[in-house]
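Here's the letter readout for the chains.
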Amino acid sequence: MAYWLIKTEPGSWSWDDQVRKGVEGWDGVRNHQAAKNLKIMQIGDLAFFYHSVNEKRIVGIVEVVREAYPDPTDATGKFVQVDFKTVKPVPNPVTLADIKADPRFAELPLLRQSRLSVMPIDDASWTAICEMGGVSA
């Protein structure tokens, strides 16, 4: 199993929207590196659901339930989407400031490639962030 972080603008698609829908395709990704990350996701992988823009915090966890397939919002046919299922909220949302303040996360793509919308999270960082957020394993 691999771990990821996916960013969304809460005004476009929020955690509440994800919870209401249950399973939803993650479409609209047009950055090539982010799209490459979508292509290598596998069923069962988990991802932090991150509210960007003003909130800048991890608010939930989702699971990949359908691997990469053509993004119907892409007229060029070059980009893909995956389907995510809501797993659980993060009881104590972990902010970008919290992550920046912790030296264990110095190499996280969230800090090193801040504009990337879909990124891998290493096992140790996943565990540490879950602990910070009050998420039980």
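Treat the numbers as computed from the prediction; the structure is a model and nothing was measured.

Undergrad: Pulling in residues and values, what's your account of helix α2 (residues 32–40)?
TA: Of the residues making up α2, those classed as buried are Ala34, Ala35, Asn37 and Leu38. Down the axis of α2, the buried side of the element spans an arc of 155°, and every buried residue falls inside it. Opposite the buried face of α2, by more than 90 degrees, sit the exposed residues His32 and Lys36. Tucked into the core, α2 has its buried residues touching β1 (3–8), β4 (57–70), β5 (80–95) and β6 (118–121). Structurally, the start of α2 carries an N-cap: the backbone nitrogen of glutamine 33 is 2.9 Å from a side-chain oxygen of asparagine 31.

Undergrad: Go over the packing of aromatic side chains with me, naming the residues and quoting the values.
TA: If you walk through the whole model with that rule in mind, you get 5 aromatic pairs. Note on tyrosine 3 and tryptophan 126: the rings are 4.4 Å apart at their centroids and 15° apart in plane angle, and the pair reads as stacked. Residue tyrosine 3 is found in strand β1, and its partner tryptophan 126 is found in helix α5 (residues 123–132); the two are separated by 123 residues along the sequence. Assigned by exposure class, tyrosine 3 and tryptophan 126 land together as buried. Note on phenylalanine 48 and tryptophan 126: the rings are 3.8 Å apart at their centroids and 20° apart in plane angle, and the pair reads as stacked. Here phenylalanine 48 is found in strand β3 (residues 46–51), whereas its partner tryptophan 126 is found in helix α5, with 78 residues between them in sequence. Its relative accessible area of 1% is what places phenylalanine 48 among the buried residues. Assessed through its relative accessible area of 6%, tryptophan 126 is described here as buried. Clustering of aromatic rings is evident, with ring pairs tying together Trp15, Trp26, Phe49 and Phe84.

Undergrad: Give me the lowdown on the UniProt feature "domain: EVE" (unreviewed entry) in the chain, citing residues and values where you can.
TA: Per the UniProt record, the feature "domain: EVE" (unreviewed entry) sits at residues 2–132. The distance separating the terminal C-alpha atoms of residues 2–132 is 19 Å; by composition the span is 27% helix and 37% strand.

Undergrad: Let's hear about the nonpolar core: which residues, and what values?
TA: Counting 41 residues, the largest nonpolar core has Ile6, Trp26, Met41, Phe48, Ile58 and Phe84 as the members making the most contacts within it. Looking at this core, the elements that each hand over two or more residues are β1, α2, β3, β4, β5, α3 (96–100), β6 and α5. Sequence-distant contacts of isoleucine 58, defined by excluding residues within four places in its chain, comprise Leu5, Phe48, Phe49, Tyr50, Val90, Pro93, Val94, Ile99 and Ile129.

Undergrad: Run through the side chain of serine 125, naming residues and quoting values.
TA: Among the secondary structure elements, serine 125 is positioned in helix α5. On the basis of relative accessibility, which here comes to 3%, the residue serine 125 falls in the buried class. In contact with serine 125, other than residues within four places in its own chain, are Arg104, Phe105 and Leu108.

Definitions and limits used
- Residues numbered from 1 in each chain as written.
- Predicted model: local features only at pLDDT ≥ 70, side-chain atom pairs only at ≥ 80, totals over all residues.
- Heavy atoms only, no water.
- Buried < 20%, exposed > 50% of the residue type's maximum accessible area, 1.4 Å probe, protein only.
- Helix = DSSP H or I, 4+ residues; strand = E, 2+ residues; numbered from the N terminus.
- Arc of directions from axis to C-beta.
- Contact = heavy atoms within 4.5 Å.
- Polar contact = N/O pair within 3.5 Å; in protein donor to acceptor, adjacent residues only side chain to side chain.
- Phe/Tyr/Trp six-rings, centres within 6.5 Å; stacked < 30°, edge-to-face > 60°.
- UniProt positions renumbered as here; feature names shortened; annotations may be inferred.
- Core = buried A, V, L, I, M, F, W, Y, C linked by side-chain atoms within 4.5 Å.

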